[in-house]
Each structure stands twice: as structure tokens, then as C-alpha cells.
Amino acid sequence: MPTRRHFIAGLASLVAGGLAAPRIARAADNPSELRIDYATYNPVGLLIRDKGWLEDELKADGIAVRWVQSLGSNKALEFLNAGSIDFGSTAGAAALVGRVNGNPIKAVYVYSRPEWTALVTRPDTGIASVADLKGRRVAATRGTDPHIFLIRALASAGLKEKDVVLVPLQHGDGKAALIRGDVDTWAGLDPIMAGAEVENGAKLFFRDPALNSWGVLNVREAFAAAHPELVRRVLAVYEKGRQHALANPADLKQSLIAAAKLPDAVIERQLTRTNLSTGTIGDAQRQTLVAAGQALQGAGVIKAEIDVPAAVNGLIDPRFGTQTQ
């Protein structure tokens, strides 16, 4: 029969030799599963998913990884708000609108600086400028960067959303509606937009890279508060992915081709408009999002009483860092 002395000796051996107690405590504090999105507008995320790097990082802790597809910023924000995912990739301006509307998220990483949206039309519509859109049918996905881009583009021509017939469609459906002739213009999103150009002869008649907001990775505020070290580890994997994409662009292209199921020429067009030069979130993103938020406020999308700079500061959280693994 074990004696009290044997028990004490065994416990002392565990503490001295294995640090087993802290390891058990750490495992108990961790979730059993980490839920993160993937999207064709976030090529770095696709590369990480294909390589299995996040699974490798978390395997020893007994944390499974579940990948959930987001078809647009609006869907990623819905999933985050519902608690269906812990991390979601969106456009920065869309994340700001979500935060203003009560979605408890933090933007913690930049996965790209893209020119991923423009206003797209067919050659036969006669549309050559934003001013030509008055009274025309325009497809857009509400709550996404293309929708926000459309609102700001209209404002640049002295128009408002009510001056066009907005047809709310998810991105792929918007492209299909344009090609069929059901709408005259589509607020496009890559790589679907690149496909419309290369495969269907669509024209990007209004472009402005400055009106495209950054691609940001968001985390649920509650998850970040409960698991800050896990957030740092996820960002370290993302940074590893970004660095690998810069050094191995062919790998990035293959991941995007496989996920989007689009030809090489289409993906090449998207990647020429995708800047992966930074992962750090901070002042540059603040400036862009404040400008976007104030423009949306002028258009009535964000209420006049909202303090936009304060809302941006509440969204952006740089404290988790971007260490490379």
C-alpha cells in the first residue's frame, strides 16, 4: 500500500523533474479547438492552411484547428460576431464598420495591402466614369470593402448610394449578374474581379488604390483576453506564411489557384495587385481607416455622433506583435 511518505516523494519527483504540473495547467487553460477562416482574398491564409503550419504549431498542446471559409468580409464578420470563428480575415474598413456596429473584434495583423476592388462594367454599357452610374443598376456585397469603395467612389462624383439602384449580391453572384447583363456595374473583388477581366473582357473603369483598405486579421475580443499567448502564436505563424510567400511566390500562387479554382493568368493578375510587404498593424492602418470612416460618416453609413478616430483606436490592437518563427 502506498504511504503518505511515498506520495510526498513522488510529488517532489514530479516537480523537480518534469514541470508536469505547469504543462497540465497550460493544457487545461487552452481551448480544444482553434477556429480560423480562409478566403480567396487572403492568399497568405490559404498558404498557411495548405502547409499545415498552424496545426504543427498547436499539435503539442492538443489544440485542433478548424478552417472555415469566408466568402467576403461580411461573412467573416458574421462568423466572428456569432462566435463561430476565433480569427477572421476582412478588409480594414469593413472591420471598422463592424466594430462601430457592436461587433467585439480587434484587428491584430495585416495580411496584405491589396488593390482588390474597383468598379467594373461591360464594354457595351457606355459607362466610362462614376458620374455615369446615376440611375444605373450596381451589384455590391453590403458590408465589404467593395461596397465601401462604391460609396466613396460615388461621393467623389457628388453622388450617394440612393442615386443608383443597388443590387445586393455576394461577390461571385455580382460578377455573374454583370456578365449576364442583369446589372450595369459591379463593385468587384479579386480574384473574381481578375477573372471577369481576363475571361470575360470586363473593364475596370474606376480604380483608386488609396480607397482600398488594408486586409486585416481580426480576433474576437473575448478570445484575445482569454488566450493572449495563443493570439501571439497564431500571428507568428501568419508572419511565417507572409515571409514564405515573399520568398516563394510560386507556392503562394499554387495555393490560390487550388482554392479559387481559377486559371494561372487570373491569379497572376490578382497577385500583381497584392502587396505583402508588411504584417505589422499600426499607424499606417489607423490613418487609412480614419479617412475611410470619416468618408463613410459623410455618406451617412456611420452615424454622425461616432468618434471615428476613437473607434479606429478601439479596433486596432498592435500589442500581440508579428514575430517570425
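Residues numbered from 1 in each chain as written. Predicted model: local features only at pLDDT ≥ 70, side-chain atom pairs only at ≥ 80, totals over all residues. Heavy atoms only, no water.

Engineer: Sorry if this is basic, but what is going on with the pairing of strand E1 (residues 33-38) here?
Structural biologist: For a regular strand, side chains alternate in direction, first toward one face of the sheet and then toward the other. Of all six residues making up E1, five are buried, and the element is well covered by its neighbours. Judged from the six bridges that link them, E1 and strand E2 (residues 64-69) form a sheet pairing that is parallel. The residue bridging Ile-36 from the neighbouring strand is Trp-67, located in E2. (Buried < 20%, exposed > 50% of the residue type's maximum accessible area, 1.4 Å probe, protein only. Helix = DSSP H or I, 4+ residues; strand = E, 2+ residues; numbered from the N terminus. Pairing = 2+ DSSP bridges.)

Engineer: Is there a simple way to explain the sheet that holds strand E5 (residues 119-121) in this structure?
Structural biologist: Think of a sheet as strands paired side by side through backbone hydrogen bonds, with each pair either parallel or antiparallel. Read across the open sheet, the five strands follow the order E7-E6-E8-E5-E9; overall the sheet is mixed. The open sheet has two edge strands, strand E7 (165-168) and strand E9 (203-206), and neither has a second partner. Going from strand to strand, the sheet's axes swing by 35 degrees on average, the running direction of each strand aside. The pairing of E5 with E9 spans three bridges and is antiparallel. What sits directly across from Thr-121, in E9, is Lys-203. Along the sheet, helix H8 (residues 171-180) makes contact with E5, strand E6 (137-140) and strand E8 (185-187), crossing E8 at roughly 165 degrees. This element, helix H9 (residues 192-200), spans E5, E8 and E9 of the sheet and lies at about 145 degrees to E8. (Axes fitted to C-alpha atoms, helices over the stretch in contact; angles between N-to-C directions. Contact = heavy atoms within 4.5 Å.)

Engineer: When you look at the pairing of strand E10 (residues 215-220) in this model, what are you seeing that I'm missing?
Structural biologist: With six of six residues buried, E10 is to be regarded as a mostly interior element. Across the two faces of E10 the burial is the same, with Gly-215, Leu-217 and Val-219 and Val-216, Asn-218 and Arg-220 all buried. Pairing of strand E3 (residues 87-91) with E10, which is carried by five bridges, proceeds in the antiparallel orientation. Along E10, the bridge assignment pairs Thr-90 with Val-216. Pairing analysis gives six bridges linking strand E4 (residues 105-114) to E10, with the strands arranged antiparallel. Along E10, the bridge assignment pairs Ser-112 with Gly-215.

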